[in-house]
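Structural characterization, general
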Amino acid sequence: MAKSAEQDCIAALLRLAAQLGISDSPPSPSLTLSTNSGHASSFTSSFPCLGHSLFVFYFPDAGGRGLAAARDLEKGELILRVPKAALFTTDSAMADAKLASCLERHRHRLSPVQMLAVSLLAEVGKGRSSQWYPYLENLPRSYDTLANFTNFEVKAFQVEDAIGASEKAIALAKSDWKEAVGVLKELDLKPQFLTFSSWRWASATVSSRTLHIPWDSAGCLCPIGDLFNYAAPDEEHSPENSEDTHPDVSVLRLTDGGYEESKSSYCFYARKNYKQGEQVLLGYGTYTNLELLEHYGFLLKENPNDKVFIDLNGGMCTSTSWPKDSLYIQPDGTPSFALLCALRLWATPAKLRKTIGSRIYSGSLVSVENERLIMKWLAKCCTCILGRLNTTIGEDNRLLSKIDRMIDQYSCLGSTETLYQDNEIRDFFQAHGIKEEGYDHIQLLKVRRYLERWKLAIEWRVAYKKILQSCVFYCENMVCCLPIKHA
């Protein structure tokens, strides 16, 4: 989308938001009037939607388009209110009698998420006649969630956990589409809205942009509110770490926003103090990088909540009751508490496990010999996993540099002749049926999207390998620091 066209779309969205009563200004009785239909009145024509606390800005190196602080903001401060009437939900979409009748007939076989996706496609199908058109026009044209990955991009993960999660996401999207396509046909939507491609777009929109609401498990689409980019929750913003012995209620929020019945609005709060011009971020959950890719289509190069799960063999599993999803290595290379306990218990003779089990579960070290054994085992395990993968971190980083060059070249319609001679790049072209030259604008956008998803897969496996590598260093260092047993 050209820059001027994008600015026009944003301006239209802000006008719609103002008409719906969305505001970043302090609550005022004169600004919260409603019509009998439940929608905000047109009083807002003389009032901007944003500008008091927030404004739309483009952050090229930090999530793209987002919301910035229009002034200094204080932690816990209310910075955006989106009235219930401004939320796009299955209920609001069913103001359309035809859609309501159709969904009611199929309610027993469609999940809430499928119903919201159907509602979204039905609304998009109305084109400019939709009251939501300015909002729909600002939604992304494509997504990088796992369900949108091609087979080539899936294989690029190299790791079975990620490949399996991708294949499962793709299969689920296809299954949901097959169940819902009959409903879409009943709505007499145009053929382009009946395709699997359109369904993936709608379901990815629901997956990546909806916010929780108490009356519908599918959630809601929230104009303006969904412009906040993501910040991973960390200890600094945890309620348990508040220095105030009597913290304000807003500081105790488990999230940075939520629907509040008392205000009949979705309300957003500053997660920390922001300086004017800073990007204002929203922490909407704790996710690993693979989960971020699955649900939202992006990852964090430095994700404090990332994990590498370790599969223990049968003998190890029988010695512990810890669930598998608790047995992992953390981003700094340290084993999780559960993994450490499980390994200490496994390295303890069976006849002694019952006796010293309570010590292990309290986090206590069993013995120097026990600790040395498990650290050596864990280092060897991580080294073996790294050895089974097709490439090293260095090779991955060199490939990422090539992909960045290709993305730049496709952005300016440059030649890729030199890069095309590279085996990995040639495999990419062949896997996607891409010719060396002769693209129109649409084809170039498609190639760029393939490249960006390929890049995400490689960035994911680099982060994965770095955690394993850090664990090897951690274990080797721990072994060196343990006292040597003298004869």
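An account of the accompanying structure is given in this report. (Residues numbered from 1 in each chain as written. Predicted model: local features only at pLDDT ≥ 70, side-chain atom pairs only at ≥ 80, totals over all residues. Heavy atoms only, no water.)

With respect to the overall build of the protein
- When helices and strands are counted, the protein shows 17 helices and 11 strands.
- Expressed as a percentage of its 487 residues, the buried residues of the protein come to 49%.
- Within the protein, counting contacts between residues at least 6 apart in sequence, those at least 24 apart form 67% of the total. (Helix = DSSP H or I, 4+ residues; strand = E, 2+ residues; numbered from the N terminus. Buried < 20%, exposed > 50% of the residue type's maximum accessible area, 1.4 Å probe, protein only. Contact = heavy atoms within 4.5 Å.)

Details of the packing of aromatic side chains
- Evaluated as defined, the whole model comprises 22 aromatic pairs.
- Relative to F59, the ring of F57 has its centre 5.2 Å away and its plane inclined at 70°; by these criteria the two rings are edge-to-face.
- According to the relative accessible area criterion, F59 is buried, its value standing at 12%.
- When the centroid spacing of 5.0 Å and the interplanar angle of 80° are considered together, the rings of W215 and Y259 count as edge-to-face. Here the residue W215 occupies a position in the loop between β4 (210-213) and β5 (216-221), and Y259 occupies one in strand β7 (residues 257-260), the gap between them amounting to 44 residues.
- Note on W215: relative accessible area 29%, which makes it partly exposed. (Phe/Tyr/Trp six-rings, centres within 6.5 Å; stacked < 30°, edge-to-face > 60°.)

A look at the environment of A17
- Relative to the helices and strands, A17 is located in helix α1 (residues 3-19).
- Once the C-alpha coordinates of A17 and C49 are considered, the two residues, 32 residues apart in sequence, prove to be 6.0 Å apart.
- The contacts of A17, once residues within four sequence positions are left out, are I22, C49 and I224.

Some remarks on the sheet that holds strand β3 (residues 78-83)
- Strand order in this open sheet of 3 strands is β3-β8-β7, and the pairing throughout is antiparallel. Only two strands of the sheet have a single neighbouring strand rather than two, namely β3 and β7. Each strand axis lies, on average, 25° off the axis of its neighbour in the sheet, ignoring direction.
- Where β3 and strand β8 (residues 265-269) come together, 5 bridges link them in antiparallel fashion. Across the sheet, the residue bridging to R81 is C267, located in β8. (Pairing = 2+ DSSP bridges. Axes fitted to C-alpha atoms, helices over the stretch in contact; angles between N-to-C directions.)

Topic: the side chain of D144
- Take D144: it is sitting in the loop between α5 (133-137) and α6 (151-155).
- Given the relative accessible area of 11%, D144 is considered buried.
- Here R449 takes part through its side chain, which lies 2.9 Å from a polar atom of the side chain of D144.
- If sequence neighbours within four positions are ignored, D144 has contacts with F149, L293, G297, R449, R453 and L456. (Polar contact = N/O pair within 3.5 Å; in protein donor to acceptor, adjacent residues only side chain to side chain.)

What to know about the pairing of β7
- Relative to β8, β7 runs antiparallel, the two sharing 4 bridges. Across the sheet, the residue bridging to G258 is C267, located in β8.
- Counted between consecutive antiparallel strands, the loop separating β7 from β8 contains 4 residues, among which S264 sits at a positive phi close to 50°.

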